[in-house]
Amino acid sequence: MQAEPFGTTGAGDPVTRHTLERGDLRVQILDYGGIVSRIDVPDRTGRRANVVLGAADLAGYAASDAHFGAVIGRYANRIAGGRFHLDGRSYDLPRNEGRNTMHGGPEGFDRRVWRVTAAEAASLTLTYRSLDGEQGFPGNLDVTVTYRLADGHSLAIDYAAVTDRPTILNLTNHSYFNLAGEGAGSALGHIVTIAADGVLVTDAEQIPTGAIASVAGTPFDFRTPVALGARIREAHPQLALAHGYDHTYVLGGDGALREVAQAVDPVSGRCLTVATTQPGLQLYTANMLDGTVTGSGGGLYRAGDAVCFEAQGFPDAPNQPTFPSPVLRPDAPFRATTVYRFTSLA
C-alpha cells in the first residue's frame, strides 16, 4: 500500500493519503475524515477513470461543507432542534443547519484526523475516539472503520463502535458518485434502481414527520430501473422541499448484507451496485452544489453532478420512537457493512 503526505491541518496535524489497489480497482483514502478521495474503475472499453467527486487538496476539503467521501458521525443526517432525550436526560447539540443538527455538528467525524491501526495493499483500518461531550454527545465512543477491496471490483466499508455509556450513533459514508467520471457534468442520466417500497416523509426542514409513504405512483419509485433525472422536476411537494432527491428509503430486512441499489451510466457502461446491512438508504442528488466548489479535476461542481447512496440509520431517530433505535449501549457493540461493487456493461 502506498502512503504519501496530503498536507497539514490548521491545528498542525499531518494528513496522509493511502492508496489501495486490487485488480481493476484503485482507491485513495485520507486519514482526515476517513475520506474516500478517489475511486478509479474501468469503463466498458477498459479505460479507468475516477468516479467520485472531491477536493483538489486538504484546504479544499476543510473549507467545504459538502462532506465529500467522508465518514459521517457521531450522527449522520438530521436531528430535530439539535436535541434528544436518552434515559431520562436531555442533550443539546450544536445547531449547524438552521435550528437542527446535521451530520454530527459543525465538527463531526469528517473533520477529525483518524489513526491508522492497520494498512495492507488492499485494506486500511482507521480508528477515532470521540470523547464524552464532544459535539454534545454522551459517552466515550471508540469507532473503527475498515476499507477493504474485497475483490477486484468491490470496496467494502466495515464499521464498528463501542461506548462506555449509553449514546446514539448513526454512521455512513458520504461519497458522491458520477460513473461517467469526476467532472463529467450531470449524473441525472444514470439509470437507478432501489429495492424499497417506502420512503420517509419530511417537513419543510427535511425532518421526518414519522410517516412512511409508498413510492408507488410517485417520482420516488425506483423499484424498476429509471433515469435519475426522469422525474426529478415533477411538481411533487417532497421534491420541492429538498430541491431534488434527499430522502431516506426504508430498506427493511433483518440486518443481513443484501443488495439495495444500483446505478448504471449508459454511456461509459460503468455500473455501481450497493449492498448494506443498514436499515435506510439516503438518496441525494447533490442539490446543494451551486457552482462555487472547485473539484479535484479543476472544474466547478453543480447540482445533479453526482448521486449519493448513503447507507445509514434513520434521520432524527432519537426523537422518533417508531424508527429503528439508534441507541448504543456498553454491552452491545455496533457493527455495519456497506459494499460498493463496480462492474461494466458489455
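As a reminder, the structure under discussion sits directly above these lines.
Residue indices follow the written sequence of each chain, beginning from 1 at its first position. Reporting in this predicted model follows two pLDDT cut-offs: at least 70 for local features of residues, and 80 or more for side-chain atom pairs to be given and counted; totals over whole chains, interfaces and linings ignore these cut-offs and use all residues. With hydrogens and water set aside, each side-chain value is computed from the structure's full complement of heavy atoms.

What follows concerns the nonpolar core. In plain words, nonpolar cores are sets of buried Ala, Val, Leu, Ile, Met, Phe, Trp, Tyr and Cys residues tied together by side-chain atoms within 4.5 Å. Note on classification: 1.4 Å probe, protein chains only; a residue is buried when its accessible area is under 20% of the maximum for its type, exposed when over 50%, partly exposed between these limits. Among the nonpolar cores identified, the biggest contains 59 residues, and I39, Y147, F309 and F342 are the most heavily contacted of them. For the purposes of this entry, the term helix denotes a DSSP run of H or I that reaches at least four residues, the term strand denotes a run of E that reaches at least two, and both are numbered from the N terminus. Sort the elements by how many residues they give to this core and strand β13 (residues 141-149) lands first, with five residues. Throughout, a contact is declared for two residues whenever any of their heavy atoms are within 4.5 Å. Leave out the neighbours within four places in its chain, and Y147 touches L20, I29, G34, V36, V71, A122, S123, L124, L126, L155, A156 and I157. In this structure, V15, I72, A76 and A306 belong to the second largest nonpolar core, which totals 21 residues.

Disulfide: a pair of cysteine sulfur atoms within 2.5 Å of each other. In the structure shown here, the tally under the stated rule is zero disulfides. Not engaged in a disulfide, the cysteine C271 finds its nearest cysteine sulfur in C308; these two sulfurs lie 17 Å apart.

With that settled, consider the pairing of strand β22 (residues 258-264). Two faces make up the sheet, and in a regular strand the side chains alternate between them. Within β22, five of the seven residues are buried, which leaves it mostly tucked inside the rest of the structure. As paired strands, strand β17 (residues 191-194) and β22 are joined by four bridges and run antiparallel to one another. Across the sheet, residue V192 finds its bridge partner in β22, namely A263. Being paired, for any two strands, means DSSP has found at least two bridges between them. As judged from the six bridges shared by β22 and strand β23 (residues 270-276), these two strands associate in the antiparallel manner. Bridge pairing in β23 places R258 opposite T276. In sequence, β22 turns back onto β23 through a hairpin of five residues, with G269 there showing a positive phi of about 85°.

So yeah, pure geometry; function would need other evidence.
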